[in-house]
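Examination of the molecular architecture
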Amino acid sequence: MTQTQLFSSGLELANFVVSLDVLHDAWTAIWSLYTEISQNERPSSLVKFKVFELPNCTIIAFFTWPANSKDYVQGNGGGDFVSSSTLKKSFPFFNFLCTKDNPEFSINKPALELFTSIFYELPKSVMANSKPLIITGNSLGGSVASLFTLLLLEKFNFLTTKRPLCITFGSPLMGEKGLHEAISKYAAWNSCFLHVVSNQDPIPRVLISQTGVYKPFGTFLLCSKLGCSCFEDPPTILELLMATYSGNPENQDPNLVFESYGTFVKDFNRKVIFMDTTESFDWTTPPLRAAIITQLAAIGLASQQLLQQPHNIDIDTIITKTENQEKKLALFKKQVFDPSMQLNKVKVHMAKLEWYKKVAKDKKIGYYDSYKNVSHTSDLDVVKDMKTLTCYWEELVDEAEKRPQTVGASLRTRWLFGGTNYRRMIEPLDIADYYNKGKEDYINQGRPKHYIKLEQWLIETAEPAGVPNELMKQNVVSILTEDSCFWAHVEEALISCKLLTGTGSSEMEKQSSRDSLFEFENYVYGLIKNYAVSPEIFLQGSSFMQWWREYEKIMGTSYSSNLTKLMKDYKNYDKYATGSLKIS
């Protein structure tokens, strides 16, 4: 990616966000709640909330008294954390944020205490509302709003419901690296959070200097009397939060800082629209750097005149750092794994495997044994398609495990059909490779993790299997065997037959082999009874039929069971393939 391909969307995003009434409506809701409380109650350390039903949206506003919030955050213990391991027992509602790569996270203790104090009063059914949902709050009330938004996102379906938007005003940072990664890992969640921060407000900056481990998430709208700019890169946000702070006597009065957000919201639209006409740049200034300078100028940190003065080396360093971080962020977004972009390519490889399966069936051997025996060049060609498909699904499973549990669940639901077909088509070929190498016990010793996960997720989401319906019977000729480990069971049954007929086997080994074969009989009979196995197992060249011939010799003509009765009548093979085989 060249420099001309990089750009910063902060200025455009700022114009887009503040030109909508939603920012004004969010602040109006907070101010209305503040006015209502101040007329009836004395200031307290509690958090208050109220639901506002507007014609175009529903707003839930959380309010905390500015002075009390400042004391709470700045006082002893204001920067303390509560870890996810502690929450698992005392307050398990955020366990879904734990992921494979990020099993631990921590939340700011004061914010969590306020949230838990009103948890059972919160209107958790608001997501069923057809109108857009705005969740907003000021100071620590903003932290509570963020936690409530996360709680709703656990049950949120982005495919059927409009996503909520959480807008905070002067909210302190809420968590460390673990919480940041749990949210930022999923762009759809991260984009639900917009944090408005005034250059006069000390609260959003307190926990940066106190601990050094707090990390932001979501988009930050930094504002000053000159205008505003948006940033989403965490290191850039931390750098600019400190660099833009305008410490003055007014900052000592929390009420004045609180009221200043109303002034900013009122003036945002006019200032952002005309902001980019106030600066001019030398034609040699790279576009990305020019955009960053414009953004910083909008929040009072840089201007063309200031940059020309030699003593402003710190500002130039901030611009360079911001530029580098924007490049890293752009490259990261470009490299993010997007399964939907690759799914059509994957379908092409699956189509090739379907054709390979059909050709092998026409040769009366089945695709499992055709691949196992490597009797044609097409058996070698299929390896490339296998590798491509396996790389895709391994990465997709890995990504699903890394994401928060709820997100992973929706991802799994969306792609589970494709993953199930892949597993049932490709795993038999991996099983063939495994046993061709002389190995044993594939299921316990050699099965790749992504197959195990795909099967586990299917079991978690699928309805219990019942009596096979007529549609299953009619389509049995084209199905893939439901148990993708079927051929591993066949291979183990062949090994058991060899142990029974071998001269070097002990009586204990032979008895174990007999028990295993009886279990295999019941297993196969159950699959056939439920029309859950492909008719290709009955092809004369298949390993299953090889097992049957060996097993029939071992057990003799006098042995009888449900499976042997079925297998001894060759007409049943064709009846099964046409869905006309009746098994009581």
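All values reported here derive from a predicted model rather than from experimental measurement.

This brings us to the overall build of the chain. Looking only at helices and strands, the chain has 26 helices and 9 strands in total. Per-residue burial over the chain gives 51% buried out of 584 residues. Residue pairs at least 24 apart in sequence account for 77% of intrachain contacts in the chain once pairs closer than 6 positions are excluded. Of the roughly 28,000 Å² of accessible surface on the chain, a fraction of 54% belongs to carbon and sulfur atoms.

Attention now goes to the pattern of salt bridges. Counted under the stated rule, the structure contains 10 salt bridges. Between Glu427 and Arg447 there is a salt bridge whose closest N-O contact spans 2.7 Å. Taken together, the positions of Glu427 in helix H18 (residues 405-436) and Arg447 in the loop between helix H19 (442-445) and helix H20 (449-461) put the pair 20 residues apart, joining distant regions of the chain. Under the relative-accessibility criterion, Glu427 is labelled buried at 0%. Of the charged contacts in the structure, one is a salt bridge between Glu455 and Arg447, with a shortest N-O distance of 2.7 Å. If you follow the salt bridges from partner to partner, you end up with Arg423, Glu427, Arg447 and Glu455 in one network.

When strand S1 (residues 48-53) meets strand S2 (residues 58-63), the two strands line up antiparallel, connected through 6 bridges. Residue Lys48 lies in a different strand from S2, and its bridge partner there is Phe63. Between the antiparallel neighbours S1 and S2 lie 4 residues.

On to the nonpolar core, then. Generally speaking, nonpolar side chains in soluble globular proteins are found buried as a group. Grouped together as the largest cluster of nonpolar side chains are 66 residues, with contacts concentrated most on Phe486, Ile528, Phe538, Phe544, Trp547 and Met567. Apart from residues lying up to four places away in sequence, Trp547 is in contact with Ala493, Leu494, Cys497, Leu517, Phe520 and Leu563. Val73, Phe94, Val206 and Ile208 belong to the second largest nonpolar core, which has 65 residues in total.

Glycine aside, a negative phi is what most residues show, and trans is what most peptide bonds show. Even without being a glycine, Lys364 presents a positive backbone phi close to 65 degrees. Tracing the sequence through the fold places Lys364 in the loop between helix H15 (339-362) and helix H16 (367-373). A positive phi angle is found at Tyr531, which is not glycine, with a value near 50 degrees. In this structure, Tyr531 sits in the loop between helix H23 (507-529) and helix H24 (543-555).

If you walk across this open sheet you meet the 7 strands as S1-S2-S5-S6-S7-S8-S9, and the pairing is mixed. Both edges of this open sheet fall to S1 and strand S9 (228-231), since each of them pairs with a single strand only. Mean inter-strand twist for the sheet, computed between neighbouring axes without regard to direction, equals 20 degrees. Note that strand S7 (residues 193-198) and strand S8 (residues 219-223) share 5 bridges and pair parallel. Bridging from a neighbouring strand, Val196 pairs with Leu221 of S8. The strands that helix H10 (residues 234-243) touches are S7, S8 and S9; relative to S8, the one it contacts most, it runs at about 20 degrees.

Looking now at H24. Along its 13 residues, H24 runs 18 Å from first to last C-alpha, staying within 8% of the 18 Å computed at 1.5 Å per residue. Taken together, the buried positions of H24 are Ser543, Phe544, Met545, Trp547, Trp548 and Tyr551. Here the buried face of H24 lies against H16, helix H22 (486-501), H23, helix H25 (562-568) and helix H26 (571-578). Following H24 by one or two positions, Gly556 adopts a phi angle in the positive range, close to 80 degrees.

This next bit is on the packing of H22 against H23. Viewed as axis vectors pointing N to C, H22 and H23 meet at an angle of 145 degrees, and their least axial separation amounts to 9 Å. You can see that H22 and H23 cross each other, and the crossing is left-handed. The residues of H23 that touch H22, namely those facing Phe486, His489, Val490, Ala493, Ser496, Cys497, Leu499 and Leu500, are Lys510, Ser513, Arg514, Ser516, Leu517, Phe520, Tyr523, Val524 and Leu527.

Its location among the elements puts Thr390 in helix H17 (residues 377-402). On the basis of relative accessibility, which here comes to 13%, the residue Thr390 falls in the buried class. Excluding its chain neighbours within four sequence positions, the residues that come into contact with Thr390 are Tyr422, Ile426, His450 and Tyr451.

Thresholds applied
- Residues numbered from 1 in each chain as written.
- Predicted model: local features only at pLDDT ≥ 70, side-chain atom pairs only at ≥ 80, totals over all residues.
- Heavy atoms only, no water.
- Helix = DSSP H or I, 4+ residues; strand = E, 2+ residues; numbered from the N terminus.
- Buried < 20%, exposed > 50% of the residue type's maximum accessible area, 1.4 Å probe, protein only.
- Contact = heavy atoms within 4.5 Å.
- Areas by Shrake-Rupley, 256 points an atom, 1.4 Å probe, with all protein chains shown as cover.
- Salt bridge = Lys/Arg side-chain N within 4 Å of Asp/Glu carboxyl O.
- Pairing = 2+ DSSP bridges.
- Core = buried A, V, L, I, M, F, W, Y, C linked by side-chain atoms within 4.5 Å.
- Axes fitted to C-alpha atoms, helices over the stretch in contact; angles between N-to-C directions.
- Expected span 1.5 Å × (residues − 1).
- Left-handed = near helix turned anticlockwise from the far one by under 90°.

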